[in-house]
Amino acid sequence: MEIFLQQIINGVTLGSIYGLIAIGYTMVYGIIGMVNFAHGDVFMLSAFIALLLLLLLTQMLGLAAAPAFVAAMVASMALTALWNYAIERVAYRRLRSSFRLAPLISAIGMSTFLANFVTVTQGPNNKSIPPMWDDVIKITSGGAYDVTLSYKQILIVAVTGALLAAFWFVVQKTALGRAQRACEQDAKMAALLGVDVNRTVALTFVIGAALAAVAGSLYLLQYGVVKSSDGFVPGVKAFTAAVLGGIGSLPGAVLGGLLIGLIETLWGQYFSSDYKDVAAFSVLAITLIFMPSGLMGRPDVEKV
Amino acid sequence: MTRGDHIFRAAREAAWATLVVAGLGFPIIAYRAEPDFNNALMLQARWPLFFEFCLAAFVLRFALALWSGGAAKAVARERIWRKPGWLGPVALAVLVVYPIAIVGALGPQAALKWVDTYGVQILIYVLLGWGLNITVGLAGLLDLGYAAFYAVGAYAYALIAPATGLGFWALLPVCGLLAAFWGFCIGFPVLRLRGDYLAIVTLAFAEIVRIVLINWDVVTHGEAGLFGFPGLNFFGLPFIPGPRGFAAHVGLPFAGVHKPIFLYYLVLVLALAANFVSLRLRRLPLGRAWEALREDEIACRALGLDTANIKLTAFALGAFFAGVAGCLFALRQGFVSPSAFTFSESALILAIVVLGGGGSQLGVAVAAVFLVGASELLRELTFLKSVFGEDFDPAQYRMLLVGLAMVGMMNFRPRGLVSTREPTIRLGPEPAK
Amino acid sequence: MSARWIDDPILRVDALTMRFGGLVAVNEVSFAAGRGDITALIGPNGAGKTTLFNCLTGFYQPTSGRIAFSPERLDAEKIERLTRSARKSDGDTFLLERMADHEIVRKARLARTFQNIRLFQGMSALENLMIAQGRSLSRAAGFSVLGLLGAPSWRRAERAAVDRAAGWLERIGLTGRADDPAGELPYGDQRRLEIARAMCTNPALLCLDEPAAGLNATESRDLADLLRAIRDEGETSILLIEHDMSVVMRISDHVVVLDYGQKIADGSPVEVRENSAVIAAYLGVEETDEPAAEAALAESAKTGSDAT
Ligand SMILES: Nc1ncnc2c1ncn2[C@@H]1O[C@H](COP(=O)(O)OP(=O)(O)OP(=O)(O)O)[C@@H](O)[C@H]1O
Ligand SMILES: [Mg+2]
């Protein structure tokens, strides 16, 4: 029982991170109908940027860990947003009217580039930071096993919740959200009605990257280690989350993220940790095959 | 617009580009985190490198702005390049003579690497490229899990050969058919999916296959992989020193290069057969249906084509070639392990097809030679290590460049050589060369 | 005058409904199309014409209703029997709503074109027509085995298919551009090529979605001649969606009018032309403006019949 509770806590933490990445997938898919394959690598890149900035602030400027982390996270959001802006500009913008697989192939190219770019510039090995902010709350004690909830975990879940709420507001209430929904429906029509499609898409990428950077920083905080090949598997899992939640749906992305996080941790605990990735990948395949519009997505009839 | 204006604008563009590159490069290029003796990460500053990048961005953007604002504004007409008729036979002749010429020139010892690493390895990639070309280039189904079929072929040989004592002649088609069967099984549920979902599901399946290979220790021996299975023989004669070996039998001094040479010709023949089948199929209803499927699936359905069957055959035939290639891989390496069949391998083969200009046999072959050969060549250049440091691995640079090339290809020639595609059948005469 | 769509229908649609979420795109529509007729389906934008086509050809699964079809003879009793069974077809009578799109083309022999042309753009005009004959050809190619070996029977079959395609190219005036990519042909040629491609599947009923859209006056006239010629050969009936009233009035034997998903009129061109509901709906004017609308419709019909 204690173990189960602990795994639920861990699963929700992990799931929050997946959810934040998944929002980036789901928004881009919603607006230009493209699987942004490189998004996982953008997440990994953001974790590296946060790591370097954290070291810079603590070692060179002598800041304390907590303010340094916050500053590194915010700066990483900005820099990762710039990266994704540049990526959209260089790799995807011209392809929106190209043949249907072109954007995906380009994104695979971009993903390959990013992963190897980080490998080349930072080396292929694990980079680990000393653990920080390790205080925990004991939820149960005295049993065979202490169930703990760390402040980090609370922070991660709280940040995810706050960002989701902020996001929901943006999409429902602001001009940007309206422009996004217009482009989602019909980009050509939106352009005719005076929506700046390029700007809207670019902003979507920027926002997605900023959220990925939050996820990347929190990932670094929670697990304390990152390496250049860490973009691929979390990326696919976050995409799974987006699909499971119903691609195009923001709350769906977070819900999917939580489910994937839980499935993964529970599977790893009770069945086999060797095969925990198989669980996530199977969920992906099964969802796409049997339930392509996900839990909260709209079904679509292909218009002929 | 005056010349001065022009230069000013170019400079402004270039300044912007520099700023962006500076933002992208900080801190990822400017610093590197490396563990020190206590295993704590320390930063190493690399500001010169950072400024070199910025400078390069400025110069390149400036040149590009000047150039594209100037005379080159006129839309460059895409030049249609036709393959000259002599190219095929000459290329074939070069391929046939290659191992013998190398041995003649360098002697059997030094030639080993040239025949094995450059010859056999590249030809296996050519075969893989041609196989995936059927699925991706012709039928337009993006398969991101091709390495899984490759793995099926390799493991099939490594497992079946010692268990049954069958030779590779018998096992080559078995490996191919097993992989095709897997292609069929994986293809079946995903056929209804839209193109990009299909791609992601193939990726998921391939990862599952790989994870199973890693963890199913009893059968696959996990990460360590399988080795010690029977290798190549020349119609019953093993390539070993001593009186029972191939060399003694034909009266040659024993040399390590004999086996790769035999394997080279074996792969060459199989690759040519694959090429023949692909080219012939393109002129048959099945091949035309593949291409039609790539062009417009809805129109296919409106013409009564059973798109599910067409997709399945494309999937299965592509997988068949991968299975055969996997078998050859096992024969060449003498061991198989899961690390050879990662997503990166699938991405490399996909890049060969994409850069070869999806659909073109020659393009795919050239891309394979270039991508695989060039990185092996880089590995040879030891002085690079002194420039880039001891842990310099050209494979990383290769994939970095491959990624950029894929992006570039999609942006500038998205349909590759397909835009100059030759019809598979003509009513009128061939156009003048 | 006895109407063929009553005496000898090739297609009978009963209470067909297609819903998209809350939107009822086709609402309880029933009509029949006569064998050997050109039947026109008209209606304002968004009336549900294309949706109806998509139901007929299996691209959409209708929400409810029945679509009976027979290239030979449509027998009411047989349809009833088939409806009660769970089968898709009985001899040469088919219930299309139970069949998949490719089966409809292959077995029931319906062929269609699309409102926004769907040619295989990168492939040559000739290849487009060869793909349409792929079914029979692939049998001749022995499911690729004989074809790979280059067997003589396959070569003969291929030559016959090329001849047939060449015949169609000749008919639509595209012999000279047979080897050019379809996507590079002028718009009007693409429209005709798409019709030729549909004809190469050897259909009993040819369904055309706005074939005259975007054509100039001469091209429309040529198209009308082509369609009439196809009908007069007697092998193929035609079901046609068209906005160009001059084409509709000139060539159709029977007109069915849809508005907001409902059938509002059904009859000969003359009857429909004088139907006040049609005039009001089709021209999108209020009842009060009826005389003006009537005048406009009569005008367009006149130019149509004058041109004949
Ligand atoms: N796949 C679909 N999903 C949702 N709504 C659809 C779909 N297909 C058609 N519709 C809706 O059904 C209605 C009828 O559309 P349809 O295309 O059949 O009209 P139409 O009569 O062909 O019009 P037009 O003359 O403009 O071609 C429209 O409101 C359209 O938006
Ligand atoms: Mg329509």
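It should be emphasised that the depicted structure is a prediction, and the values quoted were computed from it without experimental measurement. (Residues numbered from 1 in each chain as written. Chains lettered and ligands numbered in written order. Predicted model: local features only at pLDDT ≥ 70, side-chain atom pairs only at ≥ 80, totals over all residues. Heavy atoms only, no water.)

Draft legend 1. Seen up close, the site of ligand 1. Lining the immediate surroundings of ligand 1 are 16 residues, of which Gly46, Lys49, Thr50, Thr51 and Gln115 of chain C lie closest. At the site occupied by ligand 1, the surrounding residues belong to chains A and C. Taking Gly46 of chain C, its main chain carries an N or O atom lying 2.8 Å from an oxygen atom of ligand 1. For ligand 1, whose free accessible area comes to 630 Å², the fraction covered by protein is 76%. Every element with two or more residues in the shell around ligand 1 is listed here: strand E2 (23-34) and helix H2 (49-56) of chain C. The greatest single-element share of the shell around ligand 1, amounting to 3 residues, is contributed by H2 of chain C. Of the residues belonging to the shell around ligand 1, the class tally is 6 nonpolar, 7 polar and 3 charged. (Near = heavy atom within 4 Å. Polar contact = N/O pair within 3.5 Å; in protein donor to acceptor, adjacent residues only side chain to side chain. Areas by Shrake-Rupley, 256 points an atom, 1.4 Å probe, with all protein chains shown as cover. Helix = DSSP H or I, 4+ residues; strand = E, 2+ residues; numbered from the N terminus. Nonpolar A, V, L, I, M, F, W, Y, C, P; charged D, E, K, R; others polar.)

Draft legend 2. Inspection of the confidence of the model for chain C at higher detail. Residues and elements named next belong to chain C. Considering every residue of chain C, the mean pLDDT works out to 86; 91% of them sit at 70 or more. Looking over chain C, one finds the lowest element-wise mean pLDDT in helix H14 (residues 290-307), namely 50, and the highest in strand E8 (residues 205-209), namely 95. Long-range and interchain partners of residues 302-308, a stretch whose pLDDT sits below 50, account for 7 contacts in this model, where long-range means more than four residues apart. Reported confidence for the predicted complex is 0.90 by ipTM and 0.89 by pTM. (pLDDT = per-residue confidence, 0-100. Contact = heavy atoms within 4.5 Å.)

Draft legend 3. Here's a closer look at unusual backbone geometry. That bond from Phe26 of chain B to Pro27 of chain B is cis: its omega, 0°, falls within 30 degrees of zero. On the secondary structure map, Pro27 of chain B appears in the loop between helix H1 (3-25) and strand E1 (31-35). Positive phi, normally seen in glycine, also occurs at Glu28 of chain C, with a value near 50°. With respect to the helices and strands, the residue Glu28 of chain C is situated in strand E2. Positive phi outside glycine occurs at Glu210 of chain C, with the angle close to 50°. Mapped onto the elements of the fold, Glu210 of chain C is located in the loop between E8 and helix H10 (217-232).

Draft legend 4. Geometry of the sheet that holds E2 of chain C. Residues and elements named next belong to chain C. The 5 strands are arranged E2-E1-E4-E6-E5 in an open sheet whose pairing can be described as antiparallel. Each edge of the open sheet is held by one strand with a lone partner, namely E2 and strand E5 (89-90). The pairing of E5 with strand E6 (residues 93-95) spans 2 bridges and is antiparallel. Note that in E6 the partner of Asp90 across the bridge is Thr93. (Pairing = 2+ DSSP bridges.)

Draft legend 5. Inspection of the interface of chain A and chain B at higher detail. Contacts between chain A and chain B engage 64 residues on the former and 59 residues on the latter. Carbon and sulfur atoms make up 73% of the area that chain A and chain B hide from each other, which totals about 5600 Å². Interface area lost by chain A to chain B is led by Ile105, Val120 and Ile289 of chain A, which between them contribute 11%. The interface formed by chain A and chain B includes 1 salt bridge. With a closest N to O distance of 3.4 Å, Lys127 of chain A and Glu34 of chain B form a salt bridge. Applying the counting rule to chain A against chain B returns 13 residue pairs in polar contact (both at pLDDT 80 or more). Counting only elements with at least two residues in the side of chain A that touches chain B, the list comes to helix H2 (39-60), helix H3 (65-92), helix H4 (102-122), strand E1 (127-128), helix H9 (232-245) and helix H11 (276-290) of chain A. Looking at which element gives the most residues to the side of chain A that touches chain B, the answer is H4 of chain A, with 15 residues. In terms of residue class, the side of chain A that touches chain B is made up of 44 nonpolar, 13 polar and 7 charged. (Buried area = accessible area lost by both parts, 1.4 Å probe. Salt bridge = Lys/Arg side-chain N within 4 Å of Asp/Glu carboxyl O.)

Draft legend 6. Molecular detail of H1 of chain B. When the terminal C-alpha atoms of H1 of chain B are compared, their 32 Å separation across 23 residues agrees well with the 33 Å that a helix rising 1.5 Å per residue should span. Residues of H1 of chain B that are buried: His6, Ala10, Ala14, Ala17, Thr18, Ala22, Gly23, Leu24 and Gly25 of chain B. (Expected span 1.5 Å × (residues − 1). Buried < 20%, exposed > 50% of the residue type's maximum accessible area, 1.4 Å probe, protein only.)

Draft legend 7. Seen up close, a nonpolar patch on the surface. Residue and element names in this part refer to chain A. Side chains of Met1, Ile3, Phe4, Tyr145, Ile263, Trp267, Tyr270 and Phe271 sit close together on the surface and give an oily, nonpolar patch of about 820 Å² of accessible area. Mapped by element, the contributors of at least two residues to the nonpolar patch are helix H1 (2-32) and helix H10 (250-270). The element contributing the most residues to the nonpolar patch is H10, with 3 residues. Its location among the elements puts Tyr145 in the loop between strand E2 (136-140) and strand E3 (147-150). (Patch = residues over 30% accessible without salt bridge, like charges linked within 9 Å, V, L, I, M, F, W, Y side chains within 5 Å.)

Draft legend 8. Structural context of the state of the cysteines. For the structure shown, the criterion picks out 0 disulfides over all chains. The thiol of Cys200 of chain C is not disulfide-bonded; the next cysteine sulfur, from Cys300 of chain B, is found 15 Å away. For Cys200 of chain C, a relative accessible area of 4% corresponds to the buried category. Not engaged in a disulfide, the cysteine Cys207 of chain C finds its nearest cysteine sulfur in Cys55 of chain C; these two sulfurs lie 12 Å apart. Overall, Cys207 of chain C belongs to the buried group, its relative accessible area being 0%. (Disulfide = S-S within 2.5 Å.)

Draft legend 9. Seen up close, the pairing of strand E10 (residues 254-259) of chain C. Residues and elements named next belong to chain C. With 6 of 6 residues buried, E10 lies mostly within the body of the structure. The side-chain alternation of E10 yields two buried faces, one formed by His254, Val256 and Leu258 and the other by Val255, Val257 and Asp259. As defined by bridge partners, strand E3 (residues 38-42) adjoins E10 across 4 bridges and the pair is classed as parallel. Opposite Leu41, over in E10, you have Val256 as the bridge partner.

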